[in-house]
Amino acid sequence: MAYDRTAMLKLLRPAMTRILTPLGRALVRHGIGPNAVTAIGTLGTVVSALLFFPLGLLAAGALVITVFVLFDLLDGVVARLGGKGGSTWGAFLDSTLDRVADAAIFGGLILYFISRDDVLMAAVTLFCLVAGALVSYAKARAEGLGLTCDVGLAERPERLVVALVAAFLAGLGVPYVLPAGMWLLAAASAVTVVQRVIHVHRQTRER
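As the structure is a prediction and not an experimental result, all values here were calculated from the model. (Residues numbered from 1 in each chain as written. Predicted model: local features only at pLDDT ≥ 70, side-chain atom pairs only at ≥ 80, totals over all residues. Heavy atoms only, no water.)

Colleague: Can you help me understand the overall build of the protein chain in this one?
Modeller: In terms of regular secondary structure, the protein chain is built from 8 helices and 0 strands. Starting at the N terminus and walking to the C terminus, you meet the elements of the protein chain as α-α-α-α-α-α-α-α. Per-residue burial over the protein chain gives 43% buried out of 207 residues. Restricting the contact set of the protein chain to residue pairs at least 6 apart, pairs at least 24 apart contribute 80%. In the structure as shown, the protein chain presents an accessible area of about 10,700 Å², 70% of it carried by carbon and sulfur atoms. (Helix = DSSP H or I, 4+ residues; strand = E, 2+ residues; numbered from the N terminus. Buried < 20%, exposed > 50% of the residue type's maximum accessible area, 1.4 Å probe, protein only. Contact = heavy atoms within 4.5 Å. Areas by Shrake-Rupley, 256 points an atom, 1.4 Å probe, with all protein chains shown as cover.)

Following this line, the structure appears as structure tokens:
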């Protein structure tokens, strides 16, 4: 399956894999494959984000979404335990549904800000969504051209951590943390897009 190769995820993956392995074995015994796990995780994320966040249930939404985000690791565990390993279709499905999940998370936060008549923060969050999509697209397009693009300040795991932690703390009543998180994420995402464009441009000049 496809994974974002960042230092943070590399550190967390071994521990999370050990935790998720018993659940993975249970799913394999019941004939549930990695692609089904990917789809379930995405569906759960979409429903949770669009249900909890617009209603202002930020802490609960962040916790539930975090559980479903872990399915991004669980699908790999299921693939390995099932003896099938990764697949081209699985990698494509995983990457595509990641974009759907991201859109739902930030879309839910946009609806939250709109419900509170905070047009500025709704716009900032929309920028985070668009910039995040550009970050992923730049990498996919570069790799499609035979180039590398594993650089940047804010890849998907970092973006999710910032968004979900900020939402969770805001739900607990911590003031200003959600707007601060969105502004930080907007800046980091913009910087990452520029970093990837520069990185790819340098590679093309060397050819």
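Colleague: Just to check I follow, could you spell out the environment of Phe53 for this structure?
Modeller: In this fold, Phe53 is placed in the loop between α2 (34-52) and α3 (58-69). Take Phe53: its relative accessible area is 0%, and that puts it in the buried class. Taking the C-alpha atoms as reference points, Phe53 and Phe106, separated by 53 residues in sequence, lie 9.4 Å from one another. For Phe53, the residues in contact, after removing those within four places along its chain, are Ser48, Leu58, Gly61, Ala62, Ile65, Ile105, Gly108, Leu109, Tyr112, Leu164 and Ala167.

Colleague: So what exactly am I meant to see when it comes to the pattern of salt bridges here?
Modeller: Side chains that carry opposite charge are capable of pairing whenever their charged atoms lie near each other. Taken as a whole, this structure holds 5 salt bridges when the rule is applied. Note that Asp150 is salt-bridged to Lys139, the shortest N-O span being 3.0 Å. Separated by 11 residues along the polypeptide, Asp150 in the loop between α6 (119-144) and α7 (156-171) and Lys139 in helix α6 bring together distant segments of the chain. Since its relative accessible area comes to 44%, Asp150 is described here as partly exposed. Through salt bridges with shared partners, a single network forms among Asp98, Arg99, Asp102 and Arg156. (Salt bridge = Lys/Arg side-chain N within 4 Å of Asp/Glu carboxyl O.)

Colleague: Would you mind showing me how to read the packing of α2 against helix α4 (residues 71-81) here?
Modeller: The description of two helices packed together rests on the angle between their axes and the distance between the axes. Axis separation between α2 and α4 bottoms out at 8 Å; the angle between their running directions is 170 degrees. By the angle between their axes, α2 is roughly antiparallel relative to α4. In this structure, α2 uses Pro34, Val37, Thr38, Ile40 and Gly41 to contact α4, whose residues at the interface are Phe71, Leu74, Asp75, Val78 and Ala79. Looking at the contact of α2 with α4, its residues break down into 7 nonpolar, 2 polar and 1 charged. (Axes fitted to C-alpha atoms, helices over the stretch in contact; angles between N-to-C directions. Parallel < 35°, antiparallel > 145°, perpendicular 65-115°, else oblique. Nonpolar A, V, L, I, M, F, W, Y, C, P; charged D, E, K, R; others polar.)

Colleague: Mind showing me how you'd approach α6 here?
Modeller: The periodicity of an α-helix, 3.6 residues per turn, causes residues three or four positions apart to be oriented the same way. Over its 26 residues, α6 runs 37 Å from end to end, which matches the ideal 38 Å to within 8%, given 1.5 Å per residue. Where the residues of α6 are buried, they touch α5 (88-115), α7 and α8 (177-206). At the exit of α6 stands Gly146, carrying a positive phi of roughly 85 degrees. (Expected span 1.5 Å × (residues − 1).)

Colleague: Got a minute to help me understand a nonpolar patch on the surface in this structure?
Modeller: A cluster of nonpolar residues, Leu43, Val47, Leu51, Leu55 and Leu57, forms a patch on the protein surface that exposes about 480 Å² of accessible area. Mapped onto the elements of the fold, Leu55 is located in the loop between α2 and α3. (Patch = residues over 30% accessible without salt bridge, like charges linked within 9 Å, V, L, I, M, F, W, Y side chains within 5 Å.)

Colleague: Help me understand the nonpolar core in this model?
Modeller: Across soluble globular proteins, nonpolar side chains have a tendency to be buried as a group. Phe53, Leu109, Phe113, Leu178 and Met182 are the most contacted members of the largest nonpolar core, which totals 25 residues. Elements with a minimum of two residues in this core: α3, α5, α6, α7 and α8. In this structure, Phe113 is in contact with Asp118, Met121, Ala122, Thr125, Leu178 and Met182, ignoring residues within four places of it in sequence. Phe71, Leu73, Val77 and Val78 belong to the second-largest nonpolar core, a separate cluster that totals 8 residues. (Core = buried A, V, L, I, M, F, W, Y, C linked by side-chain atoms within 4.5 Å.)

Colleague: Help me out: how do you make sense of unusual backbone geometry in this one?
Modeller: Negative phi values dominate among residues other than glycine, just as trans dominates among peptide bonds. Phi is positive for Asp117, which is not a glycine, with a value near 55 degrees. Inspection of the secondary structure assignment puts Asp117 in the loop between α5 and α6. Since its relative accessible area comes to 68%, Asp117 is described here as exposed. One non-glycine residue, Tyr176, lies in positive phi territory at about 65 degrees. In this fold, Tyr176 is placed in the loop between α7 and α8. Taking relative accessible area as the criterion, Tyr176 reaches 71% and is therefore assigned exposed.

From the geometry alone we can't say anything about function, so treat these as descriptive.
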